[in-house]
Amino acid sequence: MGSIGKRELCCGSNGPLLMCHVSKRESLLLLSRYFISGSRSSMAAVALRSCRRGLSQILSNGGLAALSSRRLEGLFESPLLVQLIPQGLSLIQGDRRHKSTVQYASRPDLPKLAYRRVKGKSPGVVFLPGYGSTMNGQKAEALEEFCKSLGHSYLRFDYTGHGASEGVQAEGTIGTWKKDVLFVLDELAEGPQIMVGSSIGGWLMLLAAIARPEKTAALVGISTAADHLVTSFNSLPLETRKEFEEKGEWIVPTKHSEEGLYKFSMDFLHEAENHCVLQSPIPITCPVRLIHGLKDDDVPWHISMQVAERVLSPDVDVILRRHGQHRMSDKDDIKLMVYTIDDLIDKLTTLV
């Protein structure tokens, strides 16, 4: 965490309000309004909207523990402030120590889905991982910390055949995982959600938003892979496609699996064709944010541009990361994702 520079003490309606700016770019409106009555003091920590970016900065740089009492003593002359601030920090930090627990959702005649949920305010956030990924990835973990710091609800889960969920991954299809997402929206999530989809999760995000517009507050796509498997296979030379069709499966080299390859059956690809969205206008009207890396060797960034061109929403932004790769899991990538969601929450709650 960068050194804390500017300090201000200004008056709030219930007493002094302390503000510390914690980095060159982002500021943290910290902690706190306190009341003084005779010789006794009490403090109420407040989580204000303008502290979000500072909180996310701290969470990505070692956590709130970085603000020690010793460091605070060097920053603030008032002994009272030095005593009060750690109390407020501990309220937030203590909440972070308890991660959400794995739960299992039963479905009639379908495999159980494993999920983790944090209850909180609306709009909630739902994370959709990529193919072969689970709810325990860096982006999913970072989003939970961020949502807990704001008090907003958050839900992450494993698709059928992935992670802790039941089922066999090789038997899954785009339709299978779309049903998973719709079940999560219908049965586990309360109210409208900001769906955050990574790679194939970005494709599933679009399908779910089309099917459940009333449950979709906004969309954030990370390296969105809409239609990608279908278009990639169809772009292969005819002879190559025939060879794979004769073998019954398409083998794709990848650095994202232990085996070094993905195998997709012809049935999987044919089923996926039923879920393609880029051949016509996409009937989605909520805010859409699409983040993509220019150095993505798995899913080309122009797919995000195609999605942006086809969605009907008037509120669409595409953010291209010059050095971003497919997984977008570097510290700065995760900060950008968190800031983007933060801005959407601000926009959506302001509109309300």
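Residues numbered from 1 in each chain as written. Predicted model: local features only at pLDDT ≥ 70, side-chain atom pairs only at ≥ 80, totals over all residues. Heavy atoms only, no water.

Chemist: Before we go on, may I ask you to explain the overall build of the protein in this structure?
Modeler: In terms of helices and strands, the protein carries eleven helices and 14 strands. Considering only contacts in the protein between residues 6 or more positions apart, those separated by 24 or more positions represent 66%. Accessible surface, the protein: about 16800 Å² in total, of which carbon and sulfur atoms supply 50%. (Helix = DSSP H or I, 4+ residues; strand = E, 2+ residues; numbered from the N terminus. Contact = heavy atoms within 4.5 Å. Areas by Shrake-Rupley, 256 points an atom, 1.4 Å probe, with all protein chains shown as cover.)

Chemist: How do you make sense of a negative patch on the surface when you look at a structure like this?
Modeler: Where like charges cluster on the molecular surface, the negative patch consists of E239, E243, E245 and E246. Within the secondary structure layout, E239 lies in helix α8 (residues 238-247). (Patch = residues over 30% accessible without salt bridge, like charges linked within 9 Å, V, L, I, M, F, W, Y side chains within 5 Å. Salt bridge = Lys/Arg side-chain N within 4 Å of Asp/Glu carboxyl O. Lys, Arg positive; Asp, Glu negative; His and termini not counted. Charge placed at Lys NZ, Arg CZ, Asp CG, Glu CD.)

Chemist: Can you help me understand the sheet that holds strand β13 (residues 288-293) in this one?
Modeler: In a beta sheet, neighbouring strands pair by backbone hydrogen bonds and run either parallel or antiparallel. Read from one edge of the open sheet, eight strands run β5-β6-β8-β7-β9-β10-β13-β14, paired in mixed fashion. Each end of this open sheet is capped by a strand with a single partner; those strands are β5 (102-107) and β14 (316-321). The mean angle between the axes of side-by-side strands here comes to 20°, regardless of whether they run parallel or antiparallel. Bridge count for strand β10 (residues 216-222) against β13 is four bridges, and the pairing is parallel. Within β13, the position partnered with V220 by the bridge is R289. Against the sheet, helix α4 (residues 138-150) engages β6 (110-118), β7 (121-128), β8 (152-157), β9 (193-198) and β10, with an angle of about 160° to β8. The sheet contacts of helix α6 (residues 200-211) involve β7, β9 and β10, and relative to β9 the element is tilted by about 145°. (Pairing = 2+ DSSP bridges. Axes fitted to C-alpha atoms, helices over the stretch in contact; angles between N-to-C directions.)

Chemist: What exactly am I supposed to notice about a nonpolar patch on the surface here?
Modeler: Together, L294, W301, M305 and L320 give the surface a local cluster of nonpolar side chains, amounting to about 310 Å² of exposed area. Mapping L320 onto the fold places it in strand β14. Judged by its relative accessible area of 36%, L320 falls in the partly exposed class. (Buried < 20%, exposed > 50% of the residue type's maximum accessible area, 1.4 Å probe, protein only.)

Chemist: I keep staring at the side chain of K139 and nothing clicks. Help me out?
Modeler: For K139, the location among the structural elements is in helix α4. At a separation of 2.7 Å, a polar atom in the side chain of K139 contacts the main-chain carbonyl oxygen of R327. Ignoring sequence-local partners within four residues, the contact set of K139 consists of F127, S198, I222, R327, M328, S329, I334 and M337. (Polar contact = N/O pair within 3.5 Å; in protein donor to acceptor, adjacent residues only side chain to side chain.)

Chemist: Honestly, the nonpolar core in this entry has me stumped. Any pointers?
Modeler: Side chains of a nonpolar character, in soluble globular proteins, are inclined to be buried together. Counting residues in hydrophobic clusters, the biggest one holds 53 residues, and the most contacted among them are L128, F157, I174, V181, M195, L204 and L219. Once you skip the residues sitting within four places of it in the chain, L128 turns out to touch F157, Y159, V181, M195, V196, G197, S198, G201, L204 and M205. (Core = buried A, V, L, I, M, F, W, Y, C linked by side-chain atoms within 4.5 Å.)

Chemist: In this structure, what is going on with the packing of aromatic side chains? I would like to understand it.
Modeler: Two descriptors summarise a pair of aromatic rings, namely the distance from one centre to the other and the angle between the planes of the rings. In total, this model carries ten aromatic pairs according to the counting rule given. Between Y131 and Y262, the ring centres sit 5.0 Å apart and the planes meet at 90°, which makes this aromatic pair edge-to-face. On the criterion of sequence distance, the pair formed by Y131 in the loop between β7 and α4 and Y262 in strand β12 (residues 261-265) is long-range, its members being 131 residues apart. Note on accessibility: Y131 and Y262 belong to one class, buried. Pairing F157 with Y159 gives two aromatic rings, centres 5.5 Å apart and planes at 85°, and the pair type is edge-to-face. (Phe/Tyr/Trp six-rings, centres within 6.5 Å; stacked < 30°, edge-to-face > 60°.)

Chemist: Help me understand unusual backbone geometry in this model?
Modeler: The phi angle of most residues is negative, glycine excepted, and most peptide bonds adopt the trans form. Across the junction of S122 and P123, the peptide omega takes the value 0°, indicating a cis bond. Note that P123 resides in strand β7. Phi is positive for S223, which is not a glycine, with a value near 55°. You can see S223 is positioned in the loop between β10 and α7 (228-234). Owing to a relative accessible area of 0%, S223 belongs among the buried residues under this scheme. The backbone of D227 sits at a positive phi, close to 65°, despite the residue not being glycine. Within the secondary structure, D227 sits in the loop between β10 and α7. Accessibility expressed as a relative area gives 2% for D227, which makes it buried.

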